[in-house]
Amino acid sequence: MGSGSGKVLPESSKGFCPLRSVAFFRKDEKFDGFKDKKQTFLWSWRRDQRTSEEVKESVRVEESVKNPNGKFRAKFDPRVTARYDIKALIGRGSFSRVVRVEHRCTRQPFAIKLLEVKGREGHNTCQAELGVLRRVNHANVIHLVEVFETAHRVYLVLELATGGELLERVVARGSFRERDATRALMMVANGLCYLHTLGVIHRDLKPENLLYYHPGQDSRLIITDFGLACWDNQSPAKRSDSSCNETKDWALRTLCGTPEYLAPEMVAGRPYNSAVDLWALGVITYILLSGSLPFDHTSRPRLLRAILRGNYSFHGNPWNSVSTQAKSFIDRLLTFNPEDRMTAEEALRHPWLVSTAACSSNKNLHRSISRNLQQRASRASSRRPGSGSAQSSRLAMRSGTRLGSASRLGLGNKSQCSLKVTT
Ligand code: PIT
């Protein structure tokens, strides 16, 4: 879940110096709202390894849900509670919460993202997120229903997605074939194509931010979390819009996002554009087909150096069972030079996405994907607070995620970090 100000926010890059000082904020993991046997297995296995502070925090969260009259409910403006019945906490960050609510008149369920707005920077960031959400309207992009604002809080009423995260569904299934991947990727590419045409760069695209609308097989996939989204000043849609002139230059040099998904041009501190989202789509595709990351290092400087080298491999399982077209799709997204990288529109026309039956492998990749995800989860858990450094323990409290979720899949320990450069 995007945690709004819980996510570290982009700053002006005046005096920008790439990677001089990078602040990382790990997202914490809490209880799971999604019930599934395999997910529950992964979760209960991970839960036993939580530190006492995490267990205490989890109990606090559960109690705040059980006791709707408690401190948690007090965070909701009476205008909000007059209209919506607060049902359950489904995600949290240090400056944001996502709750499931029900409209009092229609009984229709929604999600409300509560953002704590701290200071001018918090206000600006929140307005940027709102500005994007107010403009978007697409089946594969989260839909904003209404907004309530107070001096220190913003309540975003959003459509409710109950189908869980992309990777949770992969793990939960008994089988996963290339055509399942292409079905999901087609929806993400459609959402991205829409955003980029509008002039929006997401900048934090990752599996955790891709939610299924409902638990059924035919559910659409929705791009969420616009906490780091910005306007692409170079896009034709924005070049003609004079209102964005003042953000010109700085926004598109800012280093922000989640380390494993960062495009090399962003890591290098070069000006960038919507192509960074396509790089992230390449990372997502790689994960979806293998359960592993193309660039994966425990040490962040090494990880960023690996991204800057741009070398990844298709070695090990299940890559020998993956089609050449699927690998070509990844290659065309993990292309070092952003100018040569596929655009979202081109991705939608790539033969692997278009003619899946003809050129994709029909092998069941599920076992290898799950095994790789679990191996990563166990490696990540051995580095977690309690078994790891005091620093990571501190950072664990700084940001947030949907409760449960990808952190259990081994992609949430360092992968769910957001970062900024301080100059
Ligand atoms: C849901 C269910 C859920 C999380 C969300 C919505 C969050 C959505 C979201 C988060 C953002 C943002 C826009 C939408 O900018 O578990 O229906 O940070």
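Conventions we followed
- Residues numbered from 1 in each chain as written.
- Predicted model: local features only at pLDDT ≥ 70, side-chain atom pairs only at ≥ 80, totals over all residues.
- Heavy atoms only, no water.
- Helix = DSSP H or I, 4+ residues; strand = E, 2+ residues; numbered from the N terminus.
- Buried < 20%, exposed > 50% of the residue type's maximum accessible area, 1.4 Å probe, protein only.
- Contact = heavy atoms within 4.5 Å.
- Core = buried A, V, L, I, M, F, W, Y, C linked by side-chain atoms within 4.5 Å.
- Axes fitted to C-alpha atoms, helices over the stretch in contact; angles between N-to-C directions.
- Parallel < 35°, antiparallel > 145°, perpendicular 65-115°, else oblique.
- Left-handed = near helix turned anticlockwise from the far one by under 90°.
- Expected span 1.5 Å × (residues − 1).
- Arc of directions from axis to C-beta.
- Near = heavy atom within 4 Å.
- Polar contact = N/O pair within 3.5 Å; in protein donor to acceptor, adjacent residues only side chain to side chain.
- Areas by Shrake-Rupley, 256 points an atom, 1.4 Å probe, with all protein chains shown as cover.
- Pairing = 2+ DSSP bridges.
- pLDDT = per-residue confidence, 0-100.
- Salt bridge = Lys/Arg side-chain N within 4 Å of Asp/Glu carboxyl O.
- Nonpolar A, V, L, I, M, F, W, Y, C, P; charged D, E, K, R; others polar.

Visitor: Tell me about the side chain of Ser274, and name the residues and values.
Guide: Checked against the element boundaries, Ser274 lands in the loop between helix 9 (264-267) and helix 10 (275-290). Judged by its relative accessible area of 18%, Ser274 is buried. Not counting residues up to four positions away in its chain, the partners in contact with Ser274 are His196, Ile201 and Asp232.

Visitor: Go over the nonpolar core, please, and point to the residues and values.
Guide: In this structure, Leu185, Phe226, Leu288 and Leu289 are the most contacted members of the largest nonpolar core, which totals 89 residues. Ranked by residue count, the leading element in this core is helix 10, at 11 residues. Setting aside its immediate chain neighbours within four residues, Leu289 contacts Glu178, Ala181, Pro318, Trp319, Val322, Ala326, Ile330, Trp352, Leu365 and Ile369. By size, the runner-up hydrophobic cluster in this structure holds 14 residues, among which are Val80, Tyr84, Leu89 and Val157.

Visitor: Explain unusual backbone geometry to me, using residue names and the numbers behind them.
Guide: The peptide bond linking Asn317 to Pro318 adopts the cis configuration, its omega dihedral lying at -5°. Looking at where Pro318 falls in the secondary structure, it is placed in the loop between helix 11 (300-309) and helix 12 (324-333). The backbone phi angle of Arg107 is positive, close to 60°, even though this residue is not glycine. Along the chain, Arg107 turns up in the loop between strand 3 (96-103) and strand 4 (109-116). In this structure, Arg203 is a non-glycine residue whose phi angle is positive, near 70°. Along the chain, Arg203 turns up in the loop between strand 7 (200-201) and strand 8 (210-212). A residue is classified by how much of its surface remains accessible, and Arg203, at 7% relative accessible area, is buried.

Visitor: Can you explain the packing of helix 10 against helix 12? Please cite residues and give values.
Guide: Interaxial distance between helix 10 and helix 12 falls to 8 Å at its minimum, and their mutual angle equals 150°. With respect to helix 12, the axis of helix 10 lies roughly antiparallel. Like other packed secondary-structure pairs, helix 10 and helix 12 cross with a definite hand, here left-handed. Only Ala326, Phe329, Ile330 and Leu333 of helix 12 make contact with helix 10, whose side of the interface consists of Leu278, Trp279, Leu281, Gly282, Thr285, Tyr286 and Leu289.

Visitor: Can you explain helix 5 (residues 119-135)? Please cite residues and give values.
Guide: With 17 residues, helix 5 extends 25 Å from end C-alpha to end C-alpha; this agrees with the ideal 24 Å at 1.5 Å per step. Of all the positions in helix 5, only Gly122, Thr125, Cys126, Glu129, Leu130, Val132 and Leu133 are classed as buried. Projection of helix 5 onto a plane perpendicular to its axis shows the buried side chains occupying an angular sector of 165°, all on one side. Against strand 4, strand 5 (144-149), strand 6 (153-159), strand 7 and strand 10 (230-231) lie the buried residues of helix 5.

Visitor: Outline helix 10, listing residues and values.
Guide: Since there are 3.6 residues in each turn of an α-helix, residues three or four apart along the chain are aligned in direction. Taking 1.5 Å as the rise per residue, helix 10 with 16 residues should run 22 Å; its terminal C-alpha atoms sit 23 Å apart, in good agreement. Extensive coverage of helix 10 is indicated by the burial of 16 of its 16 residues.

Visitor: Lay out the site of the ligand in plain terms, naming residues and giving numbers.
Guide: Neighbouring residues of the ligand: 18 residues in total, closest Lys113, Glu129, Glu159, Ala161 and Phe226. Separating an oxygen atom of the ligand from a side-chain N or O atom of Lys113 is a distance of 2.3 Å. Separating an oxygen atom of the ligand from a backbone N or O atom of Ala161 is a distance of 2.8 Å. For the ligand, whose accessible area on its own is 430 Å², the fraction buried by protein is 100%. If you list the elements that add at least two residues to the shell around the ligand, you get strand 4, helix 5 and strand 6.

Visitor: I'd like a rundown of the pairing of strand 5, residues and numbers included.
Guide: The pairing of strand 5 with strand 6 spans 5 bridges and is classified as antiparallel. Bridging across to strand 6, Val147 finds its partner in Leu156. Two successive antiparallel strands, strand 5 and strand 6, enclose a turn made up of 3 residues.

Visitor: Before we move on, can you summarise the confidence of the model for the protein chain with the specific residues and values?
Guide: Predicted coordinates in regions of low pLDDT should not be interpreted in detail. In this model, the protein chain carries an average pLDDT of 78, and 70% of its residues clear a pLDDT of 70 or more. Every residue in residues 1-51 scores below 50 in pLDDT, and together they form 200 contacts with partners more than four places removed in sequence or on other chains.

Visitor: Break down the pattern of salt bridges for me, citing the residues and quoting the values.
Guide: Summed over all chains, the structure comprises 17 salt bridges. Note that Arg107 is salt-bridged to Asp85, the shortest N-O span being 3.8 Å. Taken together, the positions of Arg107 in the loop between strand 3 and strand 4 and Asp85 in strand 2 (residues 84-92) put the pair 22 residues apart, joining distant regions of the chain. Taking the shortest distance from any N to any O, the salt bridge between Glu129 and Lys113 comes out at 2.8 Å. Taken together, the positions of Glu129 in helix 5 and Lys113 in strand 4 put the pair 16 residues apart, joining distant regions of the chain. Just as Glu129 is buried, Lys113 falls in that class too. A single salt-bridge network, built from bridges that share partners, covers Asp85, Lys87, Glu102, Arg104 and Arg107.

Visitor: Give me the packing of helix 10 against helix 16 (residues 366-382): which residues, what numbers.
Guide: Orientation of helix 10 relative to helix 16, taken along the N-to-C sense of each, is 110°, at an axis distance of 7 Å. One finds that helix 10 runs roughly perpendicular with respect to helix 16. Here Leu288, Leu289 and Ser290 of helix 10 lie close against helix 16, whose contacting residues are Ser368, Ile369 and Asn372. For the contact of helix 10 with helix 16, a count of residues per class yields 3 nonpolar, 3 polar and no charged.

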